[in-house]
Every structure is written in structure tokens, then in C-alpha cells.
Amino acid sequence: MSQTDIQQKIASFTSIEQALEYFEIDFDSRFINEYRTQLVKRFNGYLLISKPDDWFSARRALKNAYCKVQRSRLDPHTRSACRGCTSCQRR
């Protein structure tokens, strides 16, 4: 899949759930309902920073956005680990 193909595919999504399902990332629907705007903004930001050139780089951008929003909910003064983050590589 070329860079323009993946960008067109991403542009065709009407919801963040479609993107999560396309990139095969498990998600919690309650979390998505609560943090949808933050997740979409962060994902779009990652796509602007580095244009995805294939399926894997676009998936990495979405996983990073999902994980970043999950980790932002943690208390910054404790060393707690991610809980409930189905895509986290930082456990």
C-alpha cells in the first residue's frame, strides 16, 4: 500500500472506532466515548508530524496516540503502570 493509499484510507474513516478496528487495535468503548476528542486530535497530530508511508507506520501512530491518552490519565507523582491499556508496549 502506498503513502497516498494509506492516507486516503485514513481520510475515509468516519469514526475513531473504524480506525482502531482497521489497524487491529483492541479498545475499551467506555474509554473511547470519554476521550474521543483527545484521541482523534493526538492521532491527527502524529499523522501530521510524520506522514505514514504504510499500514504499519499508520498503526504505530494510532497506538502511540491511544497509549499517550491512557498514560495521561495516570497520577504523575506515582510510578503506577498502565492499567486497561490494551495496546501499551511500556508495561
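Above this text is the structure in question.
Residues numbered from 1 in each chain as written. Predicted model: local features only at pLDDT ≥ 70, side-chain atom pairs only at ≥ 80, totals over all residues. Heavy atoms only, no water.

A separate point is the pattern of salt bridges. Counted by the stated rule, this structure contains two salt bridges. Between Glu17 and Arg36 there is a salt bridge, with the nearest N and O atoms lying 2.9 Å from each other. A residue pair is termed long-range when its members are at least 10 positions apart, and Glu17 in helix 2 (residues 16-22) and Arg36 in helix 3 (residues 29-49) qualify at 19 residues. Taking the relative accessible area as the measure of exposure, Glu17 reaches 19% and is therefore buried. Between Asp28 and Arg30 there is a salt bridge; the shortest N-O distance is 3.8 Å. By relative accessible area, which is 29% here, Asp28 ends up partly exposed. (Salt bridge = Lys/Arg side-chain N within 4 Å of Asp/Glu carboxyl O. Helix = DSSP H or I, 4+ residues; strand = E, 2+ residues; numbered from the N terminus. Buried < 20%, exposed > 50% of the residue type's maximum accessible area, 1.4 Å probe, protein only.)

On to the environment of Ala61, then. Tracing the sequence through the fold places Ala61 in helix 4 (residues 55-72). Judged by relative accessible area, which is 10%, Ala61 ranks as buried. Setting aside chain neighbours within four positions, we find Ala61 in contact with Phe43, Tyr46 and Leu47. (Contact = heavy atoms within 4.5 Å.)

The subject of this paragraph is the packing of helix 3 against helix 4. Working note: a packed helix pair is described by the angle between its axes plus the distance between those axes. Contact geometry for helix 3 and helix 4: axes closest at 8 Å, N-to-C directions at 130°. As judged from the angle between their axes, helix 3 and helix 4 are oblique. For the crossing formed where helix 3 meets helix 4, the hand is right-handed. Facing helix 3, whose interface residues are Phe31, Ile32, Tyr35, Gln38, Leu39, Arg42, Phe43, Tyr46 and Leu47, helix 4 presents Ala58, Ala61, Leu62, Asn64, Ala65, Tyr66, Lys68, Val69 and Gln70. (Axes fitted to C-alpha atoms, helices over the stretch in contact; angles between N-to-C directions. Parallel < 35°, antiparallel > 145°, perpendicular 65-115°, else oblique. Left-handed = near helix turned anticlockwise from the far one by under 90°.)

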